[in-house]
Amino acid sequence: AERKRKVGDVIEEVERTLSTPTALLRGISDALVTEMERGLRGDIHCQLKMLISYVDNLPTGDEHGLFYALDLGGTNFRVLRVQLGGREKRVVKQESKEVSIPPHLMVGTSMELFDFIAAALAEFVDTEGGLFHLPEGRQRELGFTFSFPVNQLSISSGTLIKWTKGFSISGTVGEDVVSELSKAMERQGLDMKVSALVNDTVGTLAGGRYLDNDVVAAVILGTGTNAAYVEHANAIPKWTGLLPKSGNMVINTEWGSFKSDKLPLSEYDKAMDFESLNPGEQIYEKMISGMYLGEIVRRILLKLAHDAALFGDVVPPKLEQPFVLRTPDMSAMHHDASHDLKVLGTKLKDIVGVADTSLEVRYITRHICDIVAERGARLAAAGIYGILKKLGRDKVPTDGSTMPRTVIALDGGLYEHYRKFSSCLEATLTDLLGDEAASSLVAKLANDGSGIGASLLAASHSQYA
Ligand code: ADP
Ligand code: MG
């Protein structure tokens, strides 16, 4: 009975400190919009970088030719080639290959990482054939999707601001990542030109727009989280160049680094942040994205084990190990719909090392997954709502005109595979927008849109275009 009471106390405290009532979400959206505006002004104290992408035109559908893309994300990288056939034929053929990044390369040297990538790319190029066709005398071209914050110098160059997610590589910060990649390709004897350097959000936005003209923003919910959207070029005070003809500029918000006293950090968030590779940074990301959700659950379970003997008198040693509980496992536990939570029991046995958990312990574990996933999804929805506000698409026009259809392209393993997360995100958006405005909003899964998007941007910025 004493144990039960202690368990109840901890759960109650977790429910309270991880709760995100709608009014709180509205405050977070407003704080995000304020930060976005500061970032666009170039305020150096601003957390949101609001990076200028140099993409002032999104794909039109006319792109044609053979293009490659390379997508370096958090856990995998993908190489892709696509034969574009212009307005009529669109994507004639595409092929891709996914390679996982050996963990030691994520904390090694810049050269090792880029050599590994270039080697995989060269190997992939060697398998080109069939419907893929490069006109005589032309150099192959590549769109490089790089999912880390970059100070873009042009559409095809930019210096790394910092590593995020699990990466911590010496000697890359401040360097032009395109020239790093180009040098590595040269070392591989691969003759290819990087025509576009794009963030994955920008690639997803481009890929989304190619398929649907109403796409105005893209959100990534994968290992990390980030968003990009189409801004009016004259609403970017820090942009000192010529106004682009289109009047638009795609902005990579880097919203993962959003930080605000409106964001309620629990003791679990604070401890995880403190022990992370990048303390004090990427606070919003750490509450939302796939790299961290499972780890937050682990920390809460550990607290329950310590303070309330949830798994018996001894704390399971495996539970002490940071990041043993991965978000895909959390998702599998959360979705367990069997009457005795069999899947969840097996996961606890495999991951935490406790056999024979009681049904009650399994229910509690699932409840913790629910709390953590729901908070992440609701915070992500507040971010999207913030972007809609910034775009003036958060409410039905008062002048009687019809609400424009608005499409958000979403991608990332967390959004794609964690169903309870994505459905909570969508329900929360409807809640924030109200039924009428929500009815003209479409959240669209842009599966691997960033790779296609990067190749489309390589096409529109081709040296031969
Ligand atoms: P990246 O963000 O590294 O570019 P992805 O978009 O493929 O790559 O996202 C991978 C991340 O998505 C994983 O790190 C994991 O956190 C999350 N993820 C993958 N599968 C699932 C799943 N079944 N349930 C929940 N999260 C998942
Ligand atoms: Mg990715």
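Calculation notes
Residues numbered from 1 in each chain as written. Chains lettered and ligands numbered in written order. Predicted model: local features only at pLDDT ≥ 70, side-chain atom pairs only at ≥ 80, totals over all residues. Heavy atoms only, no water. 1 Å grid on protein atoms, 1.4 Å probe; cavity = no way out; pocket = protein on both sides within 12 Å on 5 of 7 lines; lining within 4 Å. Points joined across faces, edges and corners; volume = space filled by probe spheres on them. Helix = DSSP H or I, 4+ residues; strand = E, 2+ residues; numbered from the N terminus. Nonpolar A, V, L, I, M, F, W, Y, C, P; charged D, E, K, R; others polar. Near = heavy atom within 4 Å. Polar contact = N/O pair within 3.5 Å; in protein donor to acceptor, adjacent residues only side chain to side chain. Areas by Shrake-Rupley, 256 points an atom, 1.4 Å probe, with all protein chains shown as cover. Pairing = 2+ DSSP bridges. Buried < 20%, exposed > 50% of the residue type's maximum accessible area, 1.4 Å probe, protein only. Axes fitted to C-alpha atoms, helices over the stretch in contact; angles between N-to-C directions. Parallel < 35°, antiparallel > 145°, perpendicular 65-115°, else oblique. Left-handed = near helix turned anticlockwise from the far one by under 90°. Contact = heavy atoms within 4.5 Å.

J.: Would you explain the layout of surface pockets in this entry?
T.: One simple way to see leftover space: roll a probe sized like a water molecule over the atoms. Space inside the second largest pocket adds up to approximately 350 Å³. Of all the secondary-structure elements, those providing two or more residues to the lining of the second largest pocket are strand S2 (64–72) and helix H16 (449–460). Per-element accounting of the lining of the second largest pocket gives the leading share, 4 residues, to S2. Considered class by class, the residues forming the lining of the second largest pocket number 7 nonpolar, 8 polar and 4 charged.

J.: What am I meant to see in the site of ligand 1 here?
T.: As a matter of local geometry, ligand 1 sits amid 15 residues, with Gly-74, Thr-75, Thr-223, Gly-290 and Gly-413 nearest to it. Measuring from a nitrogen atom of ligand 1, one finds a side-chain N or O atom of Ser-331 at 3.3 Å. In this structure, an oxygen atom belonging to ligand 1 sits 2.9 Å away from a main-chain N or O atom of Gly-413. Coverage of ligand 1 by the protein chains reaches 76% of its 560 Å² of free accessible surface. Classifying every residue of the shell around ligand 1 by side-chain character gives 4 nonpolar, 11 polar and no charged.

J.: How should empty space enclosed by the protein be read in this particular structure?
T.: Under the counting rule described, the total for this entry stands at 1 cavity of 30 Å³ or more. Estimated volume of the largest cavity: approximately 80 Å³. Around the largest cavity sit Leu-51, Ile-52, Ser-53, Phe-146, Phe-148, Val-150, Gln-152, Leu-197, Val-198, Asn-199, Val-202 and Asn-252, which together line it. Of the residues contributing to the lining of the largest cavity, the split by class is 8 nonpolar, 4 polar and no charged.

J.: Explain the sheet that holds strand S13 (residues 441–445) here, please?
T.: The strands making up a sheet associate through backbone hydrogen bonding, with each pair oriented either parallel or antiparallel. Reading across from one edge, S1-S11-S10-S9-S12-S13 is the order of the 6 strands in this open sheet, with mixed pairing throughout. Lying at the two open borders of the sheet, with one neighbouring strand each, are strand S1 (51–52) and S13. In terms of strand pairing, strand S10 (residues 225–232) meets strand S11 (residues 248–252) through 5 bridges, oriented antiparallel. Counted as the bridge partner of Ala-228 is Asn-252 from S11.

J.: Can you walk me through the pairing of S2 in this structure?
T.: The two faces of the sheet receive side chains in turn, since in a regular strand these alternate between them. With respect to burial, S2 is a largely interior element, 8 of its 9 residues being buried. In terms of strand pairing, S2 meets strand S3 (residues 76–85) through 9 bridges, oriented antiparallel. Across the sheet, the residue bridging to His-64 is Gly-85, located in S3. Between the end of S2 and the start of S3, which pair antiparallel, lie 3 residues. By the bridge criterion, 5 bridges tie S2 to strand S5 (residues 140–146) in an arrangement that is parallel. Of the residues in S5, the one forming a bridge with Leu-72 is Phe-146.

J.: Could you clarify how one ought to interpret the packing of helix H1 (residues 2–17) against helix H9 (residues 290–308) in this entry?
T.: Two packed helices can be described by the angle between their axes and the distance between those axes. Viewed as axis vectors pointing N to C, H1 and H9 meet at an angle of 150°, and their least axial separation amounts to 9 Å. One finds that H1 runs roughly antiparallel with respect to H9. Read as a crossing pair, H1 and H9 show a hand that is right-handed. Here Arg-3, Lys-6, Val-7, Val-10, Ile-11 and Val-14 of H1 lie close against H9, whose contacting residues are Ile-300, Lys-303, Leu-304, Asp-307 and Ala-308. The residue makeup of the contact of H1 with H9, split by class, is 7 nonpolar, no polar and 4 charged.

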